[in-house]
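So you can see what is in the structure, the chains are spelled out below.
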Amino acid sequence: MTTALRRIAVATFEELGFLFVDKETPDAAPPAGGGATVSIRFRGPVQGTLTVRLSAELLPELADNMLGEDEPPSERMQYDALGEIANVICGNVLPSLVGRQEICDLDAPQPAEDSALAQTVAAGAHATRIRIGLEHGYADLLLAVDDEASAGKDTAL
Amino acid sequence: MGLNVLIVDDSAVMRSIISRSLRLSGLPLGELYQAPDGQQGLQSLDEHWIDVVLLDINMPVMNGMEMIERMRGNPETATLPIVVISTESSETRIEKIRRMGAGFVHKPFTPETLREAIRASTGVADDCREGARDDDGAATDRSRDF
């Protein structure tokens, strides 16, 4: 799952967000703060949450890259942009969890607290966590499945 | 005459990306309308002349599948070209979308991919001449297999 999540996240940030990715950045514990975080719930044969935290300084740049407008994007649009990144990553990684025949539904991405990543792992969810180096910042991703029965359905990558 | 397009997606950023992709696609465009969910999308169909609908699946209030079902159940919109633009990866659901007479574009996508899907669904050509439809009048396109 780590490989698939990293591959899909890298492709999404590069192709949709136009942020250059440092593919050599190792996984690491997230820093204490300074990030913009969104979460997206998925529901189907497995249920869980994808949480994406982007270093705060990259959020306006991400939105600007995606929108390509003259005016700087508002904070609402910045979080919308990050939410869409999370939406695309989540939708593309789900086949690695449930296969290509099962149907999953995604809720709308929601802004979340910076502590969402740490709290989800602490709650005992089956989770995959990665960090991606992005130009002068980073993105932390946490893919958490709600229960062990669902986690047992992980498919080979 | 250009295509009047309705874009239905709960993300304002994605609606903007789709609009920009349409302008880059080379397709003859008329008016572009936007709606944040299926319910407002149906309202837009009542209020405006629309030639093709581009819509997401996962939306609040009314999702894309329900909007397509409502459109196909209405004689006035039963044959209106539809292209789904979504992160959907379930082959089961994509097949259902195809059986409902809609094309499919996977996110993320390029302007060229979007153009070809719209051309396949509407029969329109870049030079505004009417082109022949594909045999089934719809296209399924997977622009990215991550």
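Residues numbered from 1 in each chain as written. Chains lettered and ligands numbered in written order. Predicted model: local features only at pLDDT ≥ 70, side-chain atom pairs only at ≥ 80, totals over all residues. Heavy atoms only, no water.

(A) Main features of the confidence of the model for chain A. Residues and elements named next belong to chain A. Put simply, chain A has an average pLDDT of 84, and 78% of its residues get 70 or more. Ranking the elements of chain A by mean pLDDT puts helix 5 (residues 148-151) last with 50 and helix 3 (residues 75-98) first with 95. Between residues 150-157, whose pLDDT stays under 50, and residues either more than four places distant or in other chains, the model counts 21 contacts. (pLDDT = per-residue confidence, 0-100. Helix = DSSP H or I, 4+ residues; strand = E, 2+ residues; numbered from the N terminus. Contact = heavy atoms within 4.5 Å.)

(B) Looking closely at the interface of chain A and chain B. Listed by partner, the interface residues are 28 residues for chain A and 22 residues for chain B. Of the roughly 2200 Å² buried where chain A meets chain B, counting both sides, 49% is carbon and sulfur surface. As a salt-bridge pair, Lys107(B) and Glu84(A) come within 2.9 Å of each other at their nearest N and O atoms. Applying the counting rule to chain A against chain B returns 17 residue pairs in polar contact (both at pLDDT 80 or more). Among the secondary structure elements, those contributing two or more residues to the side of chain A that touches chain B are helix 1 (2-15), helix 2 (59-67), helix 3 and strand 4 (105-106) of chain A. (Buried area = accessible area lost by both parts, 1.4 Å probe. Salt bridge = Lys/Arg side-chain N within 4 Å of Asp/Glu carboxyl O. Polar contact = N/O pair within 3.5 Å; in protein donor to acceptor, adjacent residues only side chain to side chain.)

(C) Spatial organisation of a negative patch on the surface. Residue and element names in this part refer to chain A. Side chains of Asp64, Glu69, Asp70 and Glu71 sit close together on the surface and give a patch of like negative charge. The residue aspartate 64 is located in helix 2 in this model. Judged by relative accessible area, which is 33%, aspartate 64 ranks as partly exposed. (Patch = residues over 30% accessible without salt bridge, like charges linked within 9 Å, V, L, I, M, F, W, Y side chains within 5 Å. Areas by Shrake-Rupley, 256 points an atom, 1.4 Å probe, with all protein chains shown as cover. Lys, Arg positive; Asp, Glu negative; His and termini not counted. Charge placed at Lys NZ, Arg CZ, Asp CG, Glu CD. Buried < 20%, exposed > 50% of the residue type's maximum accessible area, 1.4 Å probe, protein only.)

(D) The pattern of salt bridges, seen in detail. Inspection of every chain in the model, using the stated rule, returns 15 salt bridges over all chains. Put simply, Glu84(A), Asp9(B), Asp56(B) and Lys107(B) are held in one network by salt bridges that share partners.

(E) Geometry of the packing of aromatic side chains. Going through the model one piece at a time under the given rule, you end up with zero aromatic pairs over all chains. Over the face of the ring belonging to Tyr138(A) we find Arg131(A), whose NZ or CZ atom lies 4.2 Å from the ring centre. (Phe/Tyr/Trp six-rings, centres within 6.5 Å; stacked < 30°, edge-to-face > 60°. Lys NZ or Arg CZ within 6 Å of the ring centre and 35° of its normal.)

(F) View of helix 1 of chain A. Residue and element names in this part refer to chain A. With 14 residues, helix 1 should cover 20 Å at 1.5 Å per step; its first-to-last C-alpha distance of 20 Å lies within 8% of that length. Here helix 1 has its buried residues at Ala4, Leu5, Arg6, Ile8, Ala9, Val10, Ala11, Thr12 and Phe13. Check the buried side of helix 1 and you find it contacts strand 1 (21-22), strand 3 (48-55), helix 3, strand 6 (126-134) and strand 7 (137-145). (Expected span 1.5 Å × (residues − 1).)

(G) Looking closely at the pairing of strand 5 (residues 103-106) of chain B. All names here are of chain B. On strand 5, burial covers both faces: Gly103 and Val105 on one face and Phe104 and His106 on the other are all buried. Sheet analysis places strand 4 (residues 82-86) next to strand 5, joined by four bridges and oriented parallel. Looking across to strand 5, one finds that serine 86 is bridged to histidine 106. One crossover worth recording links strand 4 to the parallel strand 5 by way of helix 4 (residues 91-99), and it is right-handed. (Pairing = 2+ DSSP bridges. Right-handed = clockwise from strand over helix to strand, strands pointing away.)

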